[in-house]
Amino acid sequence: MAKENTKNELKKFMKDRKHLVWYVKNPENLDVESIVEHTLNYGDWADVQKLIKIIGIKKMAEVFRKQTNQSRTNYDNKMKNYFTLYFNRYA
C-alpha cells in the first residue's frame, strides 16, 4: 500500500512540475531515477524538499549516488558538488 501511495504521489509531483521535463510527453510516467535527476538539476529548493518528503532522503541520496558514480552523468557540476555535500551530511 505504501509503495502504491508513493507511486501516486510521484505521478502527481511530476504532473504538477512539467517544466522540469518540458520535452517529455508524459512526465508522470517517468521512473524515480529520472525524477530525482530532473528535480535536482532543474527544480527549486521547494521541489527538492517535496521530493524528499515523498521518497525519503535516504532513497534520494541512494539514487543520486548511484547516478553520480557512473562515468557519465547529466548533473550540472555545481549541482553534483552541492548535493554530494548535502547528502553526505543529511542522509
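Below or above, wherever it landed, is the structure these notes cover. What you are looking at is a predicted structure, and each value in this text was computed from that prediction instead of being measured.

1. Considerations on the overall build of the protein
Okay, step 1: From N to C terminus, the protein includes five helices and zero strands.
Okay, step 2: Each helix and strand of the protein, placed in order from N terminus to C terminus, yields the pattern α-α-α-α-α.
Okay, step 3: Against the globule reference of 12 Å for 91 residues, the protein gives a C-alpha radius of gyration of 13 Å, in line with a compact fold.
Okay, step 4: Judged by the C-alpha coordinates and their principal axes, the protein covers about 30 × 30 × 25 Å.
Okay, step 5: Looking at the protein residue by residue over its 91 residues, the buried ones come to 34%.
Okay, step 6: Restricting to contacts in the protein with at least 6 residues of sequence separation, those with at least 24 account for 52%.

2. Notes on the pattern of salt bridges
Okay, step 1: This model, assessed by the stated rule, comprises three salt bridges.
Okay, step 2: Note that arginine 17 and aspartate 47 form a salt bridge whose closest N and O atoms lie 2.7 Å from each other. Highlighted residues: arginine 17 in the loop between helix H1 (2–15) and helix H2 (32–42) and aspartate 47 in helix H3 (residues 45–55), separated in sequence by 30 residues.
Okay, step 3: Judged by its relative accessible area of 14%, arginine 17 is buried.
Okay, step 4: For aspartate 47, a relative accessible area of 7% gives the class buried.
Okay, step 5: Of the charged contacts, one joins lysine 59 and glutamate 62 as a salt bridge, the two residues approaching to 3.9 Å between their closest N and O atoms. Linking lysine 59 with glutamate 62, this pair stays in helix H4 (residues 57–68), spanning three residues, or about one helical turn.

3. Focus on H3
Okay, step 1: Those residues of H3 lying buried are Asp47, Val48, Leu51, Ile52, Ile54 and Ile55. Along the axis of H3, the buried residues cluster in a sector spanning 160 degrees; they form a single face. Seen from the buried face of H3, the exposed residues on the opposite side, beyond 90 degrees, are Ala46 and Lys53.
Okay, step 2: Between the side-chain oxygen of the N-cap and the backbone nitrogen of alanine 46 there are 3.2 Å, and the N-cap of H3 in question is aspartate 44.

4. Quick notes on the packing of aromatic side chains
Okay, step 1: Counted by the stated rule, this structure contains 13 aromatic pairs.
Okay, step 2: Where phenylalanine 64 meets phenylalanine 83, the ring centres are 6.5 Å apart and the plane angle is 65 degrees; that geometry is what we call edge-to-face. Taken together, the residues span a long stretch of sequence, with phenylalanine 64 in helix H4 and phenylalanine 83 in helix H5 (residues 77–90) at a distance of 19 residues. Take phenylalanine 64 and phenylalanine 83: they sit in the same class, and that class is buried.

The rules behind these values
Residues numbered from 1 in each chain as written. Predicted model: local features only at pLDDT ≥ 70, side-chain atom pairs only at ≥ 80, totals over all residues. Heavy atoms only, no water. Helix = DSSP H or I, 4+ residues; strand = E, 2+ residues; numbered from the N terminus. Rg over C-alpha atoms; globule rule 2.2 N^0.38 Å. Buried < 20%, exposed > 50% of the residue type's maximum accessible area, 1.4 Å probe, protein only. Contact = heavy atoms within 4.5 Å. Salt bridge = Lys/Arg side-chain N within 4 Å of Asp/Glu carboxyl O. Arc of directions from axis to C-beta. Polar contact = N/O pair within 3.5 Å; in protein donor to acceptor, adjacent residues only side chain to side chain. Phe/Tyr/Trp six-rings, centres within 6.5 Å; stacked < 30°, edge-to-face > 60°.

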